[in-house]
Amino acid sequence: DRRGPPRPPAWERAPTPHTPPVHTGGFRTPNNILSAERPTTLTGREMQTLRLLGLGLSNQEIARTIHVRLETAKEHVLNAMRKLDVADRTQAAVTAIQNGWLS
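Counting restarts for each chain, with residues numbered from 1 along the sequence as it is written. Confidence filtering applies because this is a predicted model: local features only for residues at pLDDT of at least 70, side-chain atom pairs given and counted only at 80 or more, and all residues used for totals across whole chains, interfaces and linings. To obtain the side-chain values, all non-hydrogen atoms of the structure were used and water was disregarded.

Section: the pattern of salt bridges
Pairing between side chains of opposite charge can happen when the charged atoms of each approach one another. Counted only if it meets this: Think of a salt bridge as a Lys or Arg side-chain nitrogen and an Asp or Glu carboxyl oxygen that are within 4 Å of each other. Secondary structure counts use DSSP, requiring at least four H or I residues in a row for a helix and at least two E residues in a row for a strand, with both numbered from the N terminus. Throughout, exposure labels follow a simple rule: accessible area from a 1.4 Å probe, protein chains only, divided by the maximum for the residue type, with under 20% read as buried, over 50% as exposed, and the rest as partly exposed.
Applying the stated criterion to the full structure yields 2 salt bridges. Between Lys 83 and Glu 46 there is a salt bridge, with the nearest N and O atoms lying 2.8 Å from each other. Separated by 37 residues along the polypeptide, Lys 83 in helix α4 (residues 70–84) and Glu 46 in helix α2 (residues 44–54) bring together distant segments of the chain. Residues Glu 71 and Arg 69 are paired through a salt bridge, measuring 3.3 Å at the closest nitrogen-oxygen approach. Classification of Arg 69 as exposed rests on a relative accessible area of 57%.

Encoded structure:
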């Protein structure tokens, strides 16, 4: 097969140095402090998703609230978690609260 082995999902792949950072939301994350090589910011949608997650909403409730498909909401949650370098939703919510992002 010319395509080679299947690629892992995006959230499991390490970012490459050639991946441009996303700056649409402008919210700085702890990764910015730790990595001068590749600054990371949360998009506005990821920030919105993080706020809803911090309020205790499920992925399904987040999807309904921001008017996207469930899979899209899950992707926003996973992207935010990856950028925050946290292992679970609770850690993401705690990070958001500690940084004052839920106000």
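What to know about helix α3 (residues 59–66)
For the record, the criterion: Within this analysis, the arc is defined by the directions that extend from the helix axis to the C-beta atoms. Contacts are residue-level and defined by heavy atoms, with any inter-residue pair within 4.5 Å sufficient.
Listed as buried for α3 are Asn 59, Ile 62, Ala 63 and Ile 66. Within α3, the buried residues cover an arc of 100 degrees as seen down the axis, which keeps them to one side. The elements touched by buried residues of α3 are α2, α4 and α5 (89–98). Phi for His 67, located one or two positions after α3, is positive at around 60 degrees.

Some details on the nonpolar core
Spelled out, the test is: For our purposes a nonpolar core is just a set of buried Ala, Val, Leu, Ile, Met, Phe, Trp, Tyr and Cys residues, chained together by side-chain atoms within 4.5 Å.
Membership of the largest hydrophobic core comes to 19 residues, with the highest contact counts inside it found for Leu 42, Leu 50, Leu 53, Ile 62, Leu 84, Ala 92 and Trp 101. Elements with a minimum of two residues in this core: α2, α3, α4 and α5. Per element, the largest residue contribution to this core is 5 residues, and it comes from α4.

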